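Structural overview
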Amino acid sequence: MSFIQEYENILSPKNCESIIENYLKESHIDTKRSDANLHGIVKEWSIPQERHWSDLFLDLNEKCRPIVESYLSYSTLLNCESYYLKHISIMEHQENFNIPYHYDAEISYMNDKEYIRNFAILIYLNDNFESGELIFPIQKTSIKPKVGLGLIFPTSFMFPHLTNPAIGANRYVLRMAYYFKKDSIINSTKTSKDYF
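Residues numbered from 1 in each chain as written. Predicted model: local features only at pLDDT ≥ 70, side-chain atom pairs only at ≥ 80, totals over all residues. Heavy atoms only, no water.

**A word on a nonpolar patch on the surface**
Together, Met 1, Phe 3 and Tyr 74 make up an exposed nonpolar region whose accessible area comes to about 320 Å². Within the element layout of this structure, Phe 3 appears in the segment before β1 (5-7). (Patch = residues over 30% accessible without salt bridge, like charges linked within 9 Å, V, L, I, M, F, W, Y side chains within 5 Å. Areas by Shrake-Rupley, 256 points an atom, 1.4 Å probe, with all protein chains shown as cover. Salt bridge = Lys/Arg side-chain N within 4 Å of Asp/Glu carboxyl O. Helix = DSSP H or I, 4+ residues; strand = E, 2+ residues; numbered from the N terminus.)

Right, here's the structure in full:
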């Protein structure tokens, strides 16, 4: 099984265009927008779960459920019920800059709380630029952005990655943050069998 998987047409080009338009209208007046720590190259804005965005949450959660289920099918201990969709954000990557070599940590800290995430789901919202590939050097894998393309991969130090610069336009990527329900660890331990 490949742990880096692509899914075409998660969102239609029209949906992607609408998301970018709404982001550009609303993100500058919303205090939830903040610069990420990648040298100011990436700006990330958490989508509010209200107004026209609420339909997007429901739609994407429904569309991504079978993807998550399939992705976890290698394990008898995990399934969709082990995770919950906490938030969706839009990342705006500044044109002509690469995102440096890094990995997405499995543990995330927000508001003094610890969250576990085992995978990331990205959906590309535009491709009107040259280059801009997401590269996993260890896995010898390169992903070319395409409107509506979904990508799922592990959040792990074993999957470090970087991007080539997007030349000609900013790159917009939607990120879905699924977090692990810690009770699932306890439940899977209780239901597991001893082997000698």
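From this point, the narrative continues.
**So, the sheet that holds strand β10 (residues 141-143)**
Spatially, 3 strands are ordered β10-β9-β12 in an open sheet, and the strand pairing comes out antiparallel. The open sheet is flanked by β10 and β12 (162-163), the only strands paired with a single partner. Where strand β9 (residues 134-136) lies against β12, 2 bridges are found, and the strand directions are antiparallel. When the sheet's bridge partners are listed, Ile 135 is paired in β12 with Leu 162. (Pairing = 2+ DSSP bridges.)

**Re helix α1 (residues 13-26)**
Under the 1.5 Å per step criterion, the end-to-end length of α1 is 20 Å for 14 residues, consistent within 8% with the ideal 20 Å. Taken residue by residue, α1 has Cys 16, Ile 19, Ile 20, Asn 22, Tyr 23 and Glu 26 as its buried positions. Along the long axis of α1, the arc covered by the buried residues comes to 165 degrees, so they all point the same way. Relative to its buried face, α1 has exposed residues pointing more than 90 degrees away, namely Pro 13, Lys 14 and Lys 25. (Expected span 1.5 Å × (residues − 1). Buried < 20%, exposed > 50% of the residue type's maximum accessible area, 1.4 Å probe, protein only. Arc of directions from axis to C-beta.)

**A word on the packing of aromatic side chains**
Taken as a whole, this structure holds 12 aromatic pairs when the rule is applied. Aromatic pair Phe 3 and Tyr 74: ring centres 5.5 Å apart, planes at 85 degrees, arrangement edge-to-face. Residue Phe 3 is found in the segment before β1, and its partner Tyr 74 is found in the loop between α2 (53-71) and β4 (83-93); the two are separated by 71 residues along the sequence. Exposure remark for Tyr 74: the relative accessible area of 49% places this residue in the partly exposed category. For the pair Tyr 23 and Tyr 172, a centre-to-centre distance of 5.9 Å together with 65 degrees between the ring planes defines the contact as edge-to-face. Here Tyr 23, found in helix α1, pairs with Tyr 172, found in strand β14 (residues 171-180); they are 149 residues apart in sequence, far enough to count as distant. (Phe/Tyr/Trp six-rings, centres within 6.5 Å; stacked < 30°, edge-to-face > 60°.)

**A look at the confidence of the model for the protein chain**
The predicted model of the protein chain has a mean per-residue pLDDT of 86, with 86% of residues at 70 or higher. Per-element averaging of pLDDT across the protein chain places strand β2 (residues 33-35) at the bottom with 47 and β9 at the top with 98. Under a pLDDT of 50 for its full length, residues 31-36 has, in the predicted model, 15 contacts with residues more than four places off or in other chains. (pLDDT = per-residue confidence, 0-100. Contact = heavy atoms within 4.5 Å.)

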